[in-house]
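A closer look at the structure
The residues making up each chain are set out below.
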Protein chains: 2
Amino acid sequence: MNKRKKKLYCVIMAGGKGTRFWPLSRTSRPKQMLNIIGNQSMLQMTVDRLRKLSFVEDIFIVAGADLKKQIVSNIEGVAPENIIIEPSGKNTAPCIGLAALHLKTVDEDPVMGIFPADHLIIGHRKFSKTVNTALRLANLDGGIVTIGIVPTAPVTGYGYIQYNKERPVKGFDAYCVKTFAEKPTVEVAKRFLKSGDFLWNSGMFVWKASTILEAIREYMHELYESLSHIERTIGKRTYKSTLFREWDLIQPESVDYGVLERTKNIFVVKADFQWSDVGSWNAYYEVSHRNRDGNVIKGDSIIVDGKNNLVHSNGRLTAMIGVDDLVVINTDDATLIVSRDRVEDVKEVVKRLHKSGRTDIL
Amino acid sequence: MNKRKKKLYCVIMAGGKGTRFWPLSRTSRPKQMLNIIGNQSMLQMTVDRLRKLSFVEDIFIVAGADLKKQIVSNIEGVAPENIIIEPSGKNTAPCIGLAALHLKTVDEDPVMGIFPADHLIIGHRKFSKTVNTALRLANLDGGIVTIGIVPTAPVTGYGYIQYNKERPVKGFDAYCVKTFAEKPTVEVAKRFLKSGDFLWNSGMFVWKASTILEAIREYMHELYESLSHIERTIGKRTYKSTLFREWDLIQPESVDYGVLERTKNIFVVKADFQWSDVGSWNAYYEVSHRNRDGNVIKGDSIIVDGKNNLVHSNGRLTAMIGVDDLVVINTDDATLIVSRDRVEDVKEVVKRLHKSGRTDIL
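Rules of the game
- Residues numbered from 1 in each chain as written.
- Chains lettered and ligands numbered in written order.
- Predicted model: local features only at pLDDT ≥ 70, side-chain atom pairs only at ≥ 80, totals over all residues.
- Helix = DSSP H or I, 4+ residues; strand = E, 2+ residues; numbered from the N terminus.
- Rg over C-alpha atoms; globule rule 2.2 N^0.38 Å.
- Buried ≥ 20, exposed ≤ 12 C-beta atoms within 10 Å, placed from the backbone.
- Contact = placed C-beta atoms within 7 Å.
- Axes fitted to C-alpha atoms, helices over the stretch in contact; angles between N-to-C directions.
- Left-handed = near helix turned anticlockwise from the far one by under 90°.
- Nonpolar A, V, L, I, M, F, W, Y, C, P; charged D, E, K, R; others polar.
- Parallel < 35°, antiparallel > 145°, perpendicular 65-115°, else oblique.
- Domains from an automatic or database assignment.

1. Points about the overall build of chain A
Across its full length, chain A carries 11 helices and 15 strands. Taking 362 residues into account, the globule formula puts the C-alpha radius of gyration at 21 Å, and chain A, at 21 Å, falls close to it. With respect to the three principal axes, the spread of C-alpha positions in chain A is 65 × 50 × 35 Å. Burial analysis of chain A (362 residues in total) assigns 46% to the buried set.

Below is the structure:
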């Protein structure tokens, strides 16, 4: 084993489409490329957040081929050769497996941290401490380490991790994982919160590349087969054709379902920085600054007698009178008006537009 | 008196700004120039409606100078020399007085019909019969003739005319007027409807030019003075300067308040064609074709689980999810979203925009 102190290789998963952020997000401009929060794209914010960690060795991004150009020209802090192309979206397990293969070519026994490209994190010191803890833990016995956020509300939109109170990891703010729970109903979420041993599954993970590949070999045999074929061609002329051919055969699967829920000996590091997956317009509303009427306003807008609205107005005036609890997203060619309790249905509209061939606004 | 059968000179009042139809209506494109109903502008529809009346001699339009060019290029059926320029909006009495002066130069003792440029009328045969009745009545003893619509609902947005049931005009479907009532509360409007002797004041009038000028002389002395100065310069080089100078001195006043409410011996012709002053987005909603969800949709729009909305989408897609009873007007540079029970406040937004110097979208 390398004498040098183990460092972290970050893998940012930037393959999402973010259709729930239509009409701001488009096929060619997915959520992670938007600066909906602050003045930078969410991907750039993620890169910057990781760059600031002293123990980070390098940063990689996994994304679709169509995004590579945009990332190279717009994202600072990641070398073009560190962008790993994913032929299509196959959920997180194949994406992470592919990244693991590439990391093995740059270091002997690399530890990788998996970070979604489009999450909001506030509280850098806590974030740094958490990831560092996860890194140290991952180096210990090749553990599989998840990061769980101390929940602040009975949110139904997140998966939860239950940890074993009786099995803390000595010397770490971490526990052995008992179970993973899918998105709960509001009653179940309340119970989770009350119990005190449930954390939000942040989708951030830290492990050795060898550890996760071994787990894939054990629980996702077909994926492992494809990855092995791909691995043999890395750095060779046949890489691209092999990758695309094998990728076509791969079944989409999340790493949570494909690996984590089947494995024993998983750890969770307890984190209490402010975190949101910003998974919908409503989640975006919740994490944004509201004025005294509870309105979140970006761009040119007048609201008369309106409360708790989210308004994005790009390049035009949006005037609202006597309306509450709406999300209004005004772009050059499309305007969305949705009740705040129906934001999950934005995907439905996008599906409908796909069906009717409205690529002009997708 | 001329032996030839008396014909009607129509005067279309096109001086309105229609700010309640913002953002579709703008300073340079007021309501009467919009084709919000059907495929023609409301002014063109008004011209066409009058052109079809066999007893119409000619049609004049009174409008602001800024609109003349647009009217000449866009409106068919009115000679450019028949456009009477109103230096500024001074309500209906000065406008009608000015038109009367001009009509006196083209006929010996003309009968004029006053028609707002932006009302909706459905039922041409009934309309024709009504106006013809009013014309015949106006020729009789120089009467002042109003047109009253049989009300179909206790509308609070209209003025009402109470007629004297005991004093029908023999041989005409008309009555002597008892009183004019301002816009009522909903309770009062219900009482009006129940009483059976109240009609909506349509703002359409028929009288001889000499009759109305004589009434202005009697009840609006200052206006009459100014009109007399203007009259002496018609056809002369000094007309324009005199008009603008006198117009500045004129106090704005409606013909209803300035003349009709002070005069005895007024008639009302009872009309039962479908009529609306289309005075707000909600009035527009009421007269429009609704789909089975009660939505009125013009332009490119998707509504998911939404009822009783009015949507105008010009050149972009408007997508709505889970919202009811909204008016959504989407234009190139401004979007309005207003609860249907708050459409009267659109003027307020326009006022605010004026105050803050937003001429770019006014």
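That was the structure; now back to the text.
2. Side note on the environment of I12 of chain B
Residue and element names in this part refer to chain B. Note on placement: I12 falls in strand β1 (residues 8-13). In the structure, I12 is positioned 192 residues away from M204 in sequence and 9.6 Å away in space, judged by C-alpha atoms. Sequence-distant contacts of I12, defined by excluding residues within four places in its chain, comprise L43, T46, V47, I59, I61, F115 and A117.

3. Observations regarding the environment of G157 of chain A
Residues and elements named next belong to chain A. Structurally, the position occupied by G157 is in the loop between β6 (144-149) and β7 (160-169). Taking C-alpha positions, G157 is 43 Å from R237, a pair spaced 80 residues apart along the chain. Setting aside residues up to four positions removed in sequence, G157 forms contacts with K183, G279 and A283.

4. Notes on the packing of helix α3 (residues 92-104) of chain B against helix α7 (residues 221-233) of chain B
Residue and element names in this part refer to chain B. Running from N to C, α3 and α7 point in directions that differ by 35°, and their axes come no closer than 10 Å. Along this stretch, α3 crosses α7, giving a crossing that reads as right-handed. Counting all contacts with α3, which are made through A93, P94, G97, L98 and L101, the residues of α7 involved are L223, L227, I230 and E231. Class assignment of the residues belonging to the contact of α3 with α7 gives a composition of seven nonpolar, one polar and one charged.

5. Concerning the interface of chain B and chain A
With 27 residues of chain B in contact, the opposing surface of chain A contributes 27 residues. For the side of chain B that touches chain A, the secondary structure elements donating two or more residues are β12 (296-304), β13 (310-321), β14 (326-330), β15 (334-339) and α11 (346-355) of chain B. Residue composition of the side of chain B that touches chain A, grouped by class: 16 nonpolar, five polar and six charged.

6. Some remarks on helix α6 (residues 209-219) of chain B
Along an α-helix, residues three or four positions apart point the same way, because every turn accommodates 3.6 residues. Turning to α6 of chain B, its buried residues are A209, T211, I212, L213, A215 and I216 of chain B. Buried residues along α6 of chain B sit against α3, β4 (111-116), β6 (144-149), β9 (198-208) and α7 of chain B.

7. Notes on the packing of α3 of chain B against α6 of chain B
Residue and element names in this part refer to chain B. For the pair α3 and α6, the least separation of the axes is 9 Å and the interaxial angle reads 135°. Taken together, α3 and α6 sit at an angle that is classed as oblique. Relative to α6, the crossing made by α3 is left-handed. Facing α3, whose interface residues are A93, I96, G97, A100, L103 and K104, α6 presents A209, I212, L213 and I216. Class assignment of the residues belonging to the contact of α3 with α6 gives a composition of eight nonpolar, one polar and one charged.

8. Some details on the domain arrangement of chain A
Residue and element names in this part refer to chain A. Domain boundaries assigned for chain A yield domain 1 (8-276) and domain 2 (281-361). At the interface, 10 residues of domain 1 touch 14 residues of domain 2. Split into classes, the residues belonging to the side of domain 1 that touches domain 2 amount to six nonpolar, three polar and one charged.

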